[in-house]
Amino acid sequence: TESSPGSTEGCGCSGLGRGDTVKEAASVVTENLQESTGESAAAHKMAFIEGGTFRMGNNKPTYPQDGEQPERMVKVSSFYIDTYEVSNAQFKEFVDATGFKTDSEKYNWSFVFEGLVPPELNKKITKSVAAVPWWLPVNG
């Protein structure tokens, strides 16, 4: 269905929830951090972001196939976020502790943004997704 600017109707945004309340999710994050690192969320440098409504999208998109239109108001629940990105060492620690496998490891390939693919590798890529040609399938 078509939705009018300023509406979230039909945009799919309402289906993005994960079912946990912010308080439950924050409790799980805090418990997991405390258990795995001995640090609280505050010590781990997590910031609480108050939920609210914001304008998302664009009525004059550069790439219409991105689906970033129409401009609309979207409501976001409150959440915690790390104040710093995850380091390679932290990610390794997580993988070692959980056995996590990335999609690239599971499928032996991954989409990579075209601007991050070295030119010599880019020349060897023979496929892309027509609707999003800037995402290139890279083996490995």
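Thresholds, definitions, all that
- Residues numbered from 1 in each chain as written.
- Predicted model: local features only at pLDDT ≥ 70, side-chain atom pairs only at ≥ 80, totals over all residues.
- Heavy atoms only, no water.
- Helix = DSSP H or I, 4+ residues; strand = E, 2+ residues; numbered from the N terminus.
- Polar contact = N/O pair within 3.5 Å; in protein donor to acceptor, adjacent residues only side chain to side chain.
- Salt bridge = Lys/Arg side-chain N within 4 Å of Asp/Glu carboxyl O.
- Buried < 20%, exposed > 50% of the residue type's maximum accessible area, 1.4 Å probe, protein only.
- Patch = residues over 30% accessible without salt bridge, like charges linked within 9 Å, V, L, I, M, F, W, Y side chains within 5 Å.
- Areas by Shrake-Rupley, 256 points an atom, 1.4 Å probe, with all protein chains shown as cover.
- pLDDT = per-residue confidence, 0-100.
- Contact = heavy atoms within 4.5 Å.
- Phe/Tyr/Trp six-rings, centres within 6.5 Å; stacked < 30°, edge-to-face > 60°.

Novice: Can you walk me through the side chain of Arg-72 in this structure?
Specialist: In this fold, Arg-72 is placed in strand β3 (residues 72–76). Here the side chain of Arg-72 touches Pro-70 through a polar contact of 2.7 Å, landing on its backbone oxygen.

Novice: What am I meant to see in the pattern of salt bridges here?
Specialist: Proximity of charged atoms lets side chains of opposite charge pair with each other. Following the criterion strictly, the structure yields three salt bridges and no others. We note a salt bridge from Asp-103 to Lys-106, for which the minimum N-O separation is 3.9 Å. Of this pair, Asp-103 and Lys-106 are both found in helix α3 (residues 103–107), three residues apart, which corresponds to roughly one turn of the helix. Look at Asp-103 and you get partly exposed, because its relative accessible area is 47%.

Novice: Looking at this structure, I do not really get a nonpolar patch on the surface. What am I missing?
Specialist: A cluster of nonpolar side chains, contributed by Tyr-107, Trp-109, Phe-111, Phe-113, Leu-116, Val-129 and Trp-135, occupies part of the molecular surface with about 720 Å² of accessible area. No other element matches the three residues that strand β5 (residues 109–113) contributes to the nonpolar patch. Along the chain, Val-129 falls in the loop between α4 (119–122) and β6 (135–139).

Novice: Sorry if this is basic, but what is going on with the confidence of the model for the protein chain here?
Specialist: Residue-level pLDDT values for the protein chain average 76, and 69% of them are 70 or greater. A low-confidence stretch, residues 1–22 stays under pLDDT 50, and its non-local contacts, those more than four residues away or across chains, total 20 contacts.

Novice: Before we go on, may I ask you to explain unusual backbone geometry in this structure?
Specialist: Leave glycine aside and you will find that most residues have negative phi; peptide bonds, for their part, are mostly trans. Going from Gln-69 to Pro-70, the amide bond is cis rather than trans, its omega being 0°. With respect to the secondary-structure elements, Pro-70 resides in the loop between β2 (52–56) and β3. Despite not being glycine, Asn-108 shows a phi value in the positive range, around 65°. Within the secondary structure layout, Asn-108 lies in the loop between α3 and β5.

Novice: Would you take a moment to explain the packing of aromatic side chains for this structure?
Specialist: Pairs of aromatic rings are described using the distance from one ring centre to the other and the angle between the two planes. Summed over the entire model, instances satisfying the criterion amount to six aromatic pairs. Judged by centre distance (5.2 Å) and plane angle (65°), the ring pair of Phe-48 and Tyr-80 falls under edge-to-face. Note that Phe-48 is positioned in strand β1 (residues 46–49) and Tyr-80 in strand β4 (residues 79–82), a separation of 32 residues in sequence. Ring geometry for Phe-94 and Phe-100: centres 5.4 Å apart, planes at 45°, overall tilted. Taking the relative accessible area as the measure of exposure, Phe-94 reaches 39% and is therefore partly exposed.

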